[in-house]
Amino acid sequence: MTIIKAQKGTKDILPADMPVWHFMEEKANEVFSKYGAKEIRTPIFEATELFARGVGDTTYIVNKEMYTFEKSERSLTLRPENTAGVVRSFIENGMHRLSMPVKLWYKGPMFRYERPQAGRQRQFHQVGVEVFGIKQPAADAEVILMAVNYLKALGLNDLSVELNSLGCPKCRDNFKNSLKQVLKPYLGELCEDCQTRYEKNPLRLLDCKVPECQEIFAKPEVRNVIFSDFICEECAEHFNALKSYLDELKITYSVNKLLVRGLDYYNRTVFEIKSNNLGSQNAVCGGGRYDSLVKNLGGEDIPAIGFAMGMERLASLIGKIEETKTTAFVVSNNSAEAIKLSEELRNNGISCEFDFSNKKFVKQIEKASKTAKYAIILGEDELKTGKITIKNLETSEQKTISKDLLLSELK
RNA sequence: GCGCCUGUCGUCAAGCGGUUAAGACCUCGGAUUGUGGUUCCGAUAUGCAUGGGUUCGAAUCCCAUCAGGCGCCCCA
């Protein structure tokens, strides 16, 4: 019999990992609620077309990394990210008629067919926020604030915020054109990837790491274009306003002109939060503004901005959190009495286990000391006298009391 | 999709061509038939990811496959 194993790039989240995951989930609810965000859960699979139109059919994710399958002549895809799904739901449920802003947060598994490595799995989890309906830069600031404060609530401080503005479609086109123009003479020298990027998505040229391409980008005339303030007056105003909000809020950030992000829907503000303790997959958070996505997916013309964080990456930064012990463990050789007493305690809100196999008391207490705070000893002596012995397993204090007093002892 | 490295019990590992496949933790049992976290004993791999090969002889060398790690790519 061959043993069936978890599929490549997937992982069990085991009981020992749960305290960290519960911590991340509880903090998400706690922090995002403070900003008025409500949780939303959208389906794990959607129409393939949603991602092609939403995320963008020239993106790496949509082209190479989607889990797509056919069912009843429909093409379905396991979601590689959740923004498209949330936007779909926003439109479908008529949320544009709610009073703006509509703030939604989510958590859940995402799927991308990639080569796994540290901090990168095929099934992974994201927690994220989407804010709809506000075009003013204060919304950008608030969204970044939500991300930063969530990370703070998790106790993560050694992080840096990077910021950029991609401009609006208009000024971005100008930038793309001047970029293409200045690179034209060097086209033959660029790497293969960059040659396709040149045609399909010139912005992505900026994050190429091939040394030869970097050399070309370092040439003064190319550099001048890359680092030029290409964005139009309105976009620049938006970006400046955002920066001054962040300055006033004492959020430290750095502007990274090369920050582009791989999803097509972004415009104006994009940002990333990175950790220095993660190896090469070091981005814990990525996000930005996507003012035309709602409209492009058939909804009203509603601006939006959001971010997503990789929960596995967060978990590895948080480290280990101890499992909580159950409160009581009933030590007894009388299963009938033990199960009755245990259930009574549980009905009063006290977590409790008991020994099923009538092992020796030594063994039972040993087990109790590993999993519980109190041993409740219900042996022959106690059964005869109608009393109960309670032992605090941390302090070794022990007393025999009448059964009615047990609950107040445990509270 | 590409490159480099790794694969011995549930876990961490020693072993580097001839060993009875160390050791530690966990688990289970006993010392201790009603008192734990210390101690002491004992049990637990005919097996070294899988399949081929080389050799008198392979966990040890070679090849393939699978899985994992890291980097590129990409991204959370």
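The rules behind each value
Residues numbered from 1 in each chain as written. Chains lettered and ligands numbered in written order. Predicted model: local features only at pLDDT ≥ 70, side-chain atom pairs only at ≥ 80, totals over all residues. Heavy atoms only, no water. Helix = DSSP H or I, 4+ residues; strand = E, 2+ residues; numbered from the N terminus. Rg over C-alpha atoms; globule rule 2.2 N^0.38 Å. Buried < 20%, exposed > 50% of the residue type's maximum accessible area, 1.4 Å probe, protein only. Contact = heavy atoms within 4.5 Å. Areas by Shrake-Rupley, 256 points an atom, 1.4 Å probe, with all protein chains shown as cover. Lys, Arg positive; Asp, Glu negative; His and termini not counted. Charge placed at Lys NZ, Arg CZ, Asp CG, Glu CD. Domains from an automatic or database assignment. Patch = residues over 30% accessible without salt bridge, like charges linked within 9 Å, V, L, I, M, F, W, Y side chains within 5 Å. Salt bridge = Lys/Arg side-chain N within 4 Å of Asp/Glu carboxyl O. Near = heavy atom within 4 Å. Polar contact = N/O pair within 3.5 Å; in protein donor to acceptor, adjacent residues only side chain to side chain. Nonpolar A, V, L, I, M, F, W, Y, C, P; charged D, E, K, R; others polar. Pairing = 2+ DSSP bridges. Axes fitted to C-alpha atoms, helices over the stretch in contact; angles between N-to-C directions.

**Details of the overall build of chain A**
In step 1: Along the backbone of chain A there are 16 helices and 16 strands.
In step 2: The C-alpha radius of gyration of chain A comes to 28 Å, more than 25% above the 22 Å expected for a compact globule of 411 residues.
In step 3: Burial status across chain A gives 47% buried among its 411 residues.
In step 4: Put simply, 69% of the contacts in chain A that link residues at least 6 apart link residues at least 24 apart.
In step 5: Accessible surface computed for chain A: about 21900 Å², of which carbon and sulfur atoms make up 49%.
In step 6: Both charge centroids of chain A, one from 58 positive and one from 56 negative side chains, sit 2 Å from each other.

**A few points about the domain arrangement of chain A**
Interfaces are often described in size by the accessible area the parts lose on coming together.
In step 1: When its domains are assigned, chain A resolves into domain 1 (18-168 + 231-318) and domain 2 (326-410).
In step 2: Between the C-alpha centres of domain 1 and domain 2 there is a distance of 49 Å.

**Here's the deal with a positive patch on the surface**
In step 1: A cluster of basic side chains, namely Lys359, Lys360, Lys363 and Lys367, defines a positive patch on the protein surface.
In step 2: Here Lys359 is to be found in the loop between β13 (352-354) and α14 (361-371).
In step 3: What makes Lys359 partly exposed here is its relative accessible area of 42%.

**Thoughts on unusual backbone geometry**
In step 1: Looking along the chain, the bond that leaves Met100 and enters Pro101 is cis, with omega of 0°.
In step 2: Tracing the backbone shows Pro101 in the loop between α4 (83-92) and β5 (102-111).
In step 3: With phi around 45°, Ser72 is a residue other than glycine that occupies positive phi space.
In step 4: In this structure, Ser396 takes a positive phi of about 65° despite not being glycine.
In step 5: The topology assignment puts Ser396 in the loop between β15 (387-392) and β16 (398-402).
In step 6: Residue Ser396 is classed as partly exposed on the basis of its relative accessible area, which comes to 48%.

**Considerations on the protein's contact with RNA strand B**
In step 1: Within the structure, RNA strand B sits among 51 residues, and Ala118, Arg197, Arg261, Asp381 and Ser396 are positioned closest to it.
In step 2: Atoms of RNA strand B within 4 Å of the protein: sugar and phosphate make up 51%, bases the balance.
In step 3: Between Arg112 and RNA strand B, the recorded distance is 2.7 Å, taken from a side-chain N or O atom to a sugar or linking oxygen.
In step 4: Taken together, the elements giving at least two residues each to the surface near RNA strand B come down to α3 (60-64), β6 (123-132), β10 (283-289), β11 (304-310), α14 and α15 (380-385).
In step 5: Top contributing element to the surface near RNA strand B by residue count: α14, with seven residues.
In step 6: For the surface near RNA strand B, the per-class residue count stands at 14 nonpolar, 15 polar and 22 charged.

**Thoughts on the sheet that holds strand β1 (residues 38-39)**
In step 1: Read across the sheet, eight strands follow the order β1-β5-β6-β11-β10-β9-β7-β8 without closing on themselves; strand pairing throughout is mixed. Edge positions in the sheet fall to β1 and β8 (253-255), since each of these pairs with one other strand and no more.
In step 2: Where β5 lies against β6, 10 bridges are found, and the strand directions are antiparallel. When the sheet's bridge partners are listed, Met110 is paired in β6 with Phe124.
In step 3: Relative to the sheet, α4 contacts β5 and β6, its axis offset from that of β6 by approximately 45°.
In step 4: Of the strands in this sheet, β7 (159-165), β8, β9 (267-275) and β10 are in contact with helix α10 (residues 233-248), which crosses β7 at around 160°.

**Observations concerning the pairing of β7**
In step 1: By the criterion of burial, β7 is predominantly enclosed, with five of the seven residues buried.
In step 2: Note that β7 and β9 share seven bridges and pair antiparallel. Following the sheet pairing, Ser165 is matched in β9 by Thr269.
In step 3: Pairing of β7 with β8 involves three bridges; the strand directions are parallel. Residue Leu163 lies in a different strand from β8, and its bridge partner there is Val255.

**Comments concerning the pattern of salt bridges**
In step 1: Within this structure, the stated rule accounts for 16 salt bridges.
In step 2: A salt bridge links Glu39 to Lys107; the shortest N-O distance between them is 3.5 Å. Taken together, the residues Glu39 in strand β1 and Lys107 in strand β5 connect sequence positions 68 residues apart.
In step 3: Overall, the relative accessible area of 32% leaves Glu39 in the partly exposed class.
In step 4: A residue is classified by how much of its surface remains accessible, and Lys107, at 22% relative accessible area, is partly exposed.
In step 5: Where Glu92 meets Arg88, a salt bridge forms, and the shortest distance between an N and an O atom there is 3.0 Å. Highlighted residues: Glu92 and Arg88, both in helix α4, separated by four residues, approximately one helical turn.
In step 6: Each of Glu39, Arg41 and Lys107 takes part in a single network of salt bridges with overlapping partners.

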